Every structure is written in C-alpha cells, then in structure tokens.
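# A structural walkthrough
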Amino acid sequence: MVEHTSHLFVISIILYFAGSLFALCFYGWQRVGNYISLILAAIASCFSIATAVVALSDGLTIRLDFTVYHAIIKYNFLLDPVSTYFILAISVIGFVAAVYSIGYTRLYVNKCDTRFLGFTYNIFLASMLLVVTANNAVVFMIVWELMTVVSFFLVIYEHENPANMKAGFMYLIMAHIGAVLLSVAFFIMFAYTGTWDFGFDDFRKVGSHMPLIYKNVVFFLVIIGFGIKAGIFPLHLWLPMAHPAAPSNVSMVMSGVMIKTAIYGFIRFYFEFLTPCPPWWGVVVLIIGASSALLGILYALTERDIKTLLAYSSIENNGIIIIGIGLSMIFKSYNLMALSSLAMMAGLYHLVNHAVFKSLLFGCAGNIYYATHTKNIEELGGLIKRLRVTAPLFLVGALAISAIPPLNGFLSEWLIFQSILNGFHIPSVIVKIITIICGAVVALTGALVATCFVKAFGISFLAMPRSDHAKKAKEVPVIMLVSMGLLASLCVFLGIFPVKVMMVINSVNIHLLNTNILPAITSYDWLHTKSVQTNFTEISPKSATVLGLMLLAVTFGVLTLIKPRFVKKIYETWTCGISPEPRLEYTATAFTRPFKTIFSNLYRPQSEVRTEYSVPNFFVKSMTYVSDVAPIFEKYFYSPVAQFVLSMSNMVRWVHTGSIHIYLTYIFITLIILILFVGK
Amino acid sequence: MTAEIILPILQILVVVGFSPLVKGFINKIEARLQCRRGASMFQPYYNLVKLFRKDAVVSETSSWIFRATPYITFISVLIISLLVPVLSSQVPLNFTGDIILIIYLFALARFFLVLTSLDTGSAFGGMGGSREMMVSSMAEPAMILSFFTVALTVNSTNLSNITSTLLNNSILLLNPSLILAFAALTIVLIAETGRIPVDNPFTHLELTMIHEGMMLEFSGRYLALVEWASSMKLLLLLTILVNIFFPWGIAGGLTFSGLIIAFALYVVKIGFFAFLIVIVEMSFAKIRLFRIPNLLGTAFILSILAVISLYVVR
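Cut-offs applied
Per chain, residues are indexed from 1 in the order of the written sequence. Chain letters and ligand numbers both follow the written order, the letters beginning at A and the numbers at 1. Owing to the predicted nature of the model, reporting of local features is limited to residues with pLDDT of at least 70; listing and counting of side-chain atom pairs is limited to 80 or more, with chain, interface and lining totals taken over all residues. Strands are runs of DSSP state E lasting at least two residues, helices are runs of H or I lasting at least four, and both sets are numbered from the N terminus onward. Contact between two residues is assigned whenever their backbone-derived C-beta positions fall within 7 Å. Between the N-to-C directions of two axes lies an angle of 0 to 180 degrees, each axis being a line fitted to C-alpha atoms and, for a helix, fitted only over the stretch in contact. In what follows, roughly perpendicular refers to angles from 65 to 115 degrees, roughly parallel to angles under 35, roughly antiparallel to angles over 145, and oblique to any angle outside these ranges. Each residue gets one of three labels, nonpolar for Ala, Val, Leu, Ile, Met, Phe, Trp, Tyr, Cys and Pro, charged for Asp, Glu, Lys and Arg, and polar for the others, Gly among them. Here a crossing is taken to be left-handed if its near helix is turned anticlockwise relative to the far helix by less than a right angle, and right-handed if that turn runs clockwise. When DSSP finds at least two bridges between two strands, those strands are taken to pair. The predictor rates its confidence in each residue with pLDDT, a number between 0 and 100. One fewer than the residue count of a helix, multiplied by 1.5 Å, yields its expected span. In this scheme every C-beta is placed from the backbone, and a residue whose C-beta has 20 or more other C-beta atoms within 10 Å is buried, one with 12 or fewer is exposed, and one in between is partly exposed.

Attention shifts here to the environment of Leu 223 of chain B. All names here are of chain B. Locating Leu 223 in the fold gives a position in helix α9 (residues 220–245). As for Leu 223 and Ile 244, which are separated by 21 residues in sequence, their C-alpha atoms are 32 Å apart. Not counting chain neighbours up to four residues away, the residues in contact with Leu 223 comprise Leu 51, Met 215 and Phe 218.

Below is the structure:
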C-alpha cells in the first residue's frame, strides 16, 4: 500500500515537470503547448489528490529517499498526515486552477508568451508539493527558493507594466529576507543535532536539549521568516502588491495555497522541532494572528481594486488561521491536549476553507477582469445581468468568507470561537484575558468582513453599470465557470458536512498531538443527524439547512394560498423626480466612508477637492475629488528600516575602493583570522 | 416525541403571531405618553394584511437578489425562532445550533438586506445599507463578548442549557459580570433593532434613516415579509434577553400547565421590557450618526469588563 501511494506521488511530480517541459516544445503553436501543459497539470493534480486521499484515509506515513551516489545532500521526502493534508489542499486548488487557466489564458494569446505561463505554472505547483514533503533542511530550502523564484516569474508575467515589476521585486526581496532568516534558524538548530544530515528527523529530537535562549531566537527567526510568506502585519507589504499583479489564475494558487506553506512551516517548527514550547510563544503567535486579522480586513475595507481587496482579505484569513495555531500552542504548553487538538482543528479547517473560497473569489475576480478589463470596482456595476453565472458564484464566495451559515466559513469561525471560549481552562489569568479579547477581535473582524464583501459584491454586480467596460461585459468561457462551480459546491459541501472534514483533520491531530478528539466532538442526536459537539454546545449545519428549506417551502405555500396571482410591476427607481442614473448610485468609497471616519486614527484619510472654473468663482467646469488612506506602515516602519540600511551601507562604503589589491588583502586578513579562530 | 414536534410549532406560532403586537404595543404606549391617542395596538396586523393583498412594484434596475431577499430574511428569522427558548427551556431542536449560529443567522438576513439596498441604484438605499453595516459591526463584538460572559458563567453557549442552568441556579444571576453583560446587551439590542437613540423607526427622512432606508424600495408582499421579519427580530432579541437574565417562570419541561403559566409570564415580561424601550425612546433624542460608535463603544467596554471580572473573580 505504502509503495503504491509513493508511486502515485512520484508520478504526479513527474507529470508536473513533464507538463512544464512540453510547454516549451511547441515553439510555433503556443496555445497547444499551453493547453497540453495545463491538462498535464490537471492530471498530475488528480494523482496527488489520490495520493493524499489514500494516505489520509489509512493514516499512512510514507518515506521517499532518493539515494544519489556520493551525494552531499540527502534527498529525503516524508509524507506524514500533516504533509498529506497540505498536499490535498494544494492539489485540489491546483486542479481547479489548471482547468480554469485553460479558459483564462485566452486573455493573453498574442500578447504574452503563454507557453511560459504553462512552464512556470507547472513547476510552481510541483514546488509547493515538494515544500510540504521535504524532510531535509537543505532540500526544504532548495524547493522553498524554487517556489519563491517561480512565483516571482508568475507575478511579473505581465512585465510590460512597471507596477508589476515593482511588485515582483518587492516580493522577491522580502521573500529572500525570509529565506535568510529561515536558513539561520536551521543552522542554529543544526548545531545541536550532532550530525551532518540536516534531516528533519534530527531536528525533531533537538527541542529537548537546546538551551532556551537559542530556542527563543529560533522562534523569532521562524516567526519572521515564515511570517513574511504568510503576510502577517507588518510584514505584509509584498502581498497586496504581488497578488493583484499576477494573472488571476496564479493569484488563485498564491492566495489560496502558497501563503499556507508558511502555516505548514509554523506547524513543523512549533509542534515538532522546538517542543516543548513556553506558553508565551503561543501568546505571541495569537496576538500576531489577531492583529493581522483585524488590520488586514480594515485595509481591505477601503480598497477599490478588487484583487487588492482580496489580497488584504487573505492577510486577514491567514491571521485567523494563525489564531487557531496560536491557541493550539498555548493549550499544548499547558498540557491541555484535547483543547489543543480542537484549536488545531479550527485552524486547519479554516485553512482549507480559505483555500477554497479565496480561490473561488480570485477566479471570479478573474472572470470580471476577463469580461470588463478593469479591476476597479467603482467602474463596475450591473454585472449580475451580464455575467449571470459569475454573479451567484461570487455571491457564494462572499457569503462563505463572511462566515454566513450554512457555508463553510461559518463552521471554522464557530470552531475558532469554541476554542477561544475554552480558554477558561488556562491557569494564567493574563493569558485567559488575552484569549477572550482575541475573541472580540475575531467578532469585530467577522462583522467587517461582511461589510467588505457586501461592498465588493454590491458595488460591482448590482444596480446600473458605471462605465462602458461594465456595460459591454459578456459572460466568460464555460470552462472557467465550470471550475468555479466546482469550488462553489465545495464551499457548500464543506459547510454542511463538517464531520467528514473533521475526520480528515483528526488523523493529522492523531499524528501531531497524539490525541483523538473525534469521538468527543461528534454525536448523533434524536433525529439521527450527526452534529459537531464541544463541551459548550453542539451544532448541526445539516439540520439548520433542512429546517431552512422546509420553512421556505411552507412560507411559499402559505403565500401562494393567500394570493395565487402575485403580480410584479416593473418600474424605474424613484430618485426624487429625476431619472435614475449611474451617477446617483452609492459608490464603494461612499459605502465605507463611515468606517474611515470611525477608524480615522488608523487610516489618516486624505481627501482633496479640486475645482476648475470656466468663469472664475461662478461656473464650475469640472471637479475632481481625490481620496486615499495614508500608508502608515510604509511611512513608520518600512522607510525608517530602508533609511537605516542605506545609511549603514553608506558608512561601510569606504571599504569598497574598487582596487583589486585591497580586496586581496581583505581575503588574506580573513584567512588569517579564520586560521587563528580554528586553531584555538 | 409528540411534545418534541408540537413545541417547535408552538414556538414559531408565538413568535410569528405576537411579534406585530409587540410593535403595536410599543407604538400605542408611546402615543399615549405623548398625549396622543395613537393607532390601535393591532394596526401592524392590519398593515400586514393590506400589504399581503397587494401586488408589488419592482425597480427595473434590480435583480433576483431583490426578489429573493424578503424570503431569505424571513426564513433566517424563522429558523432563529426555533432555536430560542420561548416558553420552555427545553428546545427540542437545540442541537441545530447555539447562540453563535443565531448571531450569524441575523448576519445572513442583514447581508441580503444591505445587498438589496444597493440593488435598486438609489442613493438612499446605499446610505441606509452603509450605516446599517457600520452600526452592526460596532455592535457585534459587544454582543458576542456579552454572550461569552453568560456562556462562561454556565459553561454552555447553547441557549437551552443557559436558560435551564440559570433557572435552577438563580444565584448566578447576581454575579456582577452578568449584570455588566446585561447592560451591554441592552445597548446592543437598541442598536440592532434600530430604535431611538440609534435609529428612528418612525421616519423615512434621509438624515435619520438606517434600517428604514434599506426597506424603502420594497412593496406589497416583499415589504410585508421584511417588516414582519424585523418585528420578529425585535421580539426574538427581547426573548433572548428576558429568558437569559430573568428566566423565572419559563417551563422547565413540556407539561401543559407549565406552558400555560410560562406563556402568561412571558407576556408580562415582554410587555415590561417593551415598556422600558418606550421609556428610553421617550427620554432620548436620536443621537448624531458619528456619536453612535461612542455609545456602542460603551457597550463594548462594558462587555470586556464583564468578561474580565468573570475571569479575575474565578
């Protein structure tokens, strides 16, 4: 069994790389090359889905060791339940995105080289799978870098636009700072392993005998190193730049699953390598998660570019996942293993939910862009009558992300709340209070998410079109709609049948935390529906849905009985005597105006009205209104850091004289110092 | 088994049937206190009957969202009325969900109402929708924290368990943190149901409208459903408040005599709280829109104090 499963995985990786190479073969026929590579990516994803399903259902742990003769690096891979859970998420999104891309890449035909898209896209998917399976620090860093570099090329795919280049370089620089910190973390831990292998298996034993001070250093290195990838505040800067710059089919994968590899890193380090953790680590992680969640959604709220809005919302959702991880760490450090499993379940459930609905939303944003060639929601409107299928799909995504029952976002939010409530088991009063305040933050975040997505859907899809782009929009190719429909039905499925998902996550928990909480949190009630139960309460989304449908049928029946012929007269909206115009509609800026006033300390809203007169002071020719929020993180965090780096490099500039003799002297001096150092 | 089927139906009938009366009662008392005669207490029923008989006018800019919203709003409130203990603390369907589900079902109704407000393309709707989201986002943390305080006191977020535990150990209700939570929830209730001083339910003026602004374009059956849903929301929130903090009299089981007594006391308790709402509405003017966050901030601070005092005292 183990052997077959490992073969499935190897086949899928080979198929990914085969797909990427095939894409390059078709020099003359770009579209054919692109299609073949995408179809191969979809098939490869099916293989890796199969790997994950088989491995998770049997709880297998598979080792793949490639022995290369006299190799310095040991190419070890491990597929344990943690890895396979991430493989499942990555390959499901990878499959849907590959199918979606078949339609979406038509946008780039004759504009960019679509073969290149297929080439990098396949490597990108494969590298993510390798990141979550690597069992050796060197291999991990290699595939981590591969993932970064490949996704950089995908971000700058439309490189004619200077803004995209800037976004890409910002991403590359920040990702590399993260990578450097991670390598330092690995080296510090390596010093205590006592072998030259750099294997994760050695790191798993290191936690018990590492001095606490070094553990703390590694903790902070890891939180910044992976935090940059996860987009936690204030290390988020690249995320809202890079995700919108990439083509939508790539943003789906980047936002849906790539940033989750950071969560994978957190789990590996904090639950396997650095154990046992002191409680305050969990508190730090929790606070970082909560502040990312709140700030992420506050910035998403004022955003007018639909893809930037979604990118900020990814920061928010990653924050919520990190809250789950942080709670799990806190509970684990107090040895409350069942609660730790519950919090981990909440975090991992939200992870897969976010992957599904965020890919759905990015896909629908891609549909909007495909149809209208604009991402600015102020120029949209009335799309519900033009993109008749995209609209309900986007609505499902928007409802799911706003945690509206019975869709999937609600269930994970509910589990997060249950874990937070269980914080009363924590012995320390301060930690208890911090957890419950995080609960308030999650509640506020939830309400703001609803506002944000009411705005995103309402302004771009409802009422009258605000520009010619929106007026001329036509529905996108069927294949894009089918793939999005798949994700939308997953949103419903994951929301209504939570026990199935929990069974999967439970096998992760059994491996990671040695606790099986599934029997404790599921039960049958008197109607024999399976419900989710904690020590506080129970919930059955299935029963709520059935109740809702029954009540709808009854209401409809009664209303038809009262008045069988219900006539709807169509008439124009009353706008105080003038005929309705798009100019009269509420805009996205106006919709979030109250929030700008309330949170003005954070936003520092700036607005300016310029008036041009044809006859001075009497007849207005045109008026321009500019409004924006101040980039306070750039101003107070990034520019001081950049200034500091620049001034430091100015200070050491005199060392670089440009003369080769001086450089040779430097090398000589370094050599002598090293000899002295080693000789001692 | 029969009781388990009858009680949900009874519950839904009480909530659906009496919610317009609560609104009528509030209006009547308010009129009397303002030395007016006022409309009959049963006026909301007459309005509903009239509206259900009429056809509807639908804006040509609107979409299927506009036509689906009244049903979604009505149904989500109906589901809630099955989950809240009204007459008996034992709710047969309580496994379906807890207080968190109830809060998010209200959010479902609000989500669609606000979408509809944008759907017709009129600026009034958008204004109402935007303000509604502002008020509810400010109110939600306070609401959730207050309910958490209650949940942590009795170790359950299930409303049936909360009510029956508090009924059997009424001494818990003297806990200062529960009193703080009650104060916070009262403010939240006024904000969520759109009463003075947060919103004025009697006007459709541009300056005051929040909730009414969103309903401006509805007519006929649609208006009836939305109006009915909003009066049910008022009654349900009052019921939750009353049955958590003043559970006395609610039936512990499913006996006939117990339910009769519970019903009589329920009417008295709801009547008293409706009267309190009238007093609040009479003694305050509507506050400015950007003062509302201050009021709800107070509720939030109260709820934080509630939960912290609970933890510290433990």
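All right, on to the packing of helix α1 (residues 2–33) of chain B against α9 of chain B then. For any two helices packed against each other, one specifies the crossing angle of their axes together with the interaxial distance. All names here are of chain B. In contact at an axis separation of 8 Å, α1 and α9 are set at 90° when each is read in the N-to-C sense. By the criterion of interaxial angle, the relationship of α1 to α9 is roughly perpendicular. Contact residues: Val 15, Val 16, Phe 18, Ser 19, Pro 20, Val 22 and Lys 23 in α1; Trp 228, Ser 231, Met 232, Leu 234, Leu 235 and Leu 236 in α9. Residue composition of the contact of α1 with α9, by class: 10 nonpolar, 2 polar and 1 charged.

Put simply, helix α22 (residues 541–562) of chain A and helix α3 (residues 64–83) of chain B touch, their axes get as near as 9 Å, and they point 120° apart. In terms of orientation, α22 of chain A lies oblique with respect to α3 of chain B. In this structure, the crossing between α22 of chain A and α3 of chain B has a hand that is right-handed. Contacts between α22 of chain A and α3 of chain B involve Ala 544, Leu 547, Gly 548, Leu 551, Leu 552 and Thr 555 of chain A on the former and, on the latter, Tyr 71, Phe 74, Ile 75, Leu 78, Ile 79 and Leu 82 of chain B. In the contact of α22 of chain A with α3 of chain B, the residues fall into 10 nonpolar, 2 polar and no charged.

Contact with chain A, which involves 68 residues of that partner, is made by 64 residues of chain B. Looking at the side of chain A that touches chain B, the elements with two or more residues in it are α16 (408–421), α17 (429–461), β5 (538–539), α22, β6 (568–571), α23 (588–591) and α24 (593–598) of chain A. Of all the elements, α17 of chain A adds the most residues to the side of chain A that touches chain B, at 17 residues. For the side of chain A that touches chain B, a count of residues per class yields 45 nonpolar, 14 polar and 9 charged. Looking at chain direction, β6 of chain A and strand β1 (residues 56–59) of chain B are connected through 4 bridges and run parallel. If you follow Lys 569 of chain A over to β1 of chain B, its bridge partner there is Val 57 of chain B.

Attention shifts here to unusual backbone geometry. In the segment running from Pro 405 of chain A into Pro 406 of chain A, the intervening peptide bond is cis, with an omega of 5°. Relative to the helices and strands, Pro 406 of chain A resides in the loop between α15 (390–401) and α16. For the peptide bond that leads from Ile 196 of chain B to Pro 197 of chain B, omega is 10°, which places it in the cis range. Looking at where Pro 197 of chain B falls in the secondary structure, it is placed in the loop between α7 (176–192) and α8 (211–214).

Attention now goes to the confidence of the model for chain B. The predicted model of chain B averages 90 in pLDDT, with 98% of residues at 70 or higher. The complex model carries a pTM of 0.94, and its ipTM stands at 0.96.

Below, the discussion takes up α15 of chain A. Here α15 of chain A contains 12 residues, and its C-alpha end-to-end distance of 16 Å stays within 8% of the 16 Å for a straight helix at 1.5 Å per residue. Among the 12 residues of α15 of chain A, 11 are classified as buried, and the element is accordingly described as predominantly covered. For α15 of chain A, the complete set of buried residues consists of Thr 390, Ala 391, Leu 393, Phe 394, Leu 395, Val 396, Gly 397, Ala 398, Leu 399, Ala 400 and Ile 401 of chain A. Elements that come into contact with the buried residues of α15 of chain A comprise α13 (306–333), α14 (337–372), α16, α17 and α19 (478–496) of chain A together with α4 (99–119) of chain B. Positive phi appears at Ala 403 of chain A, one or two residues downstream of α15 of chain A, with a value of about 60°.

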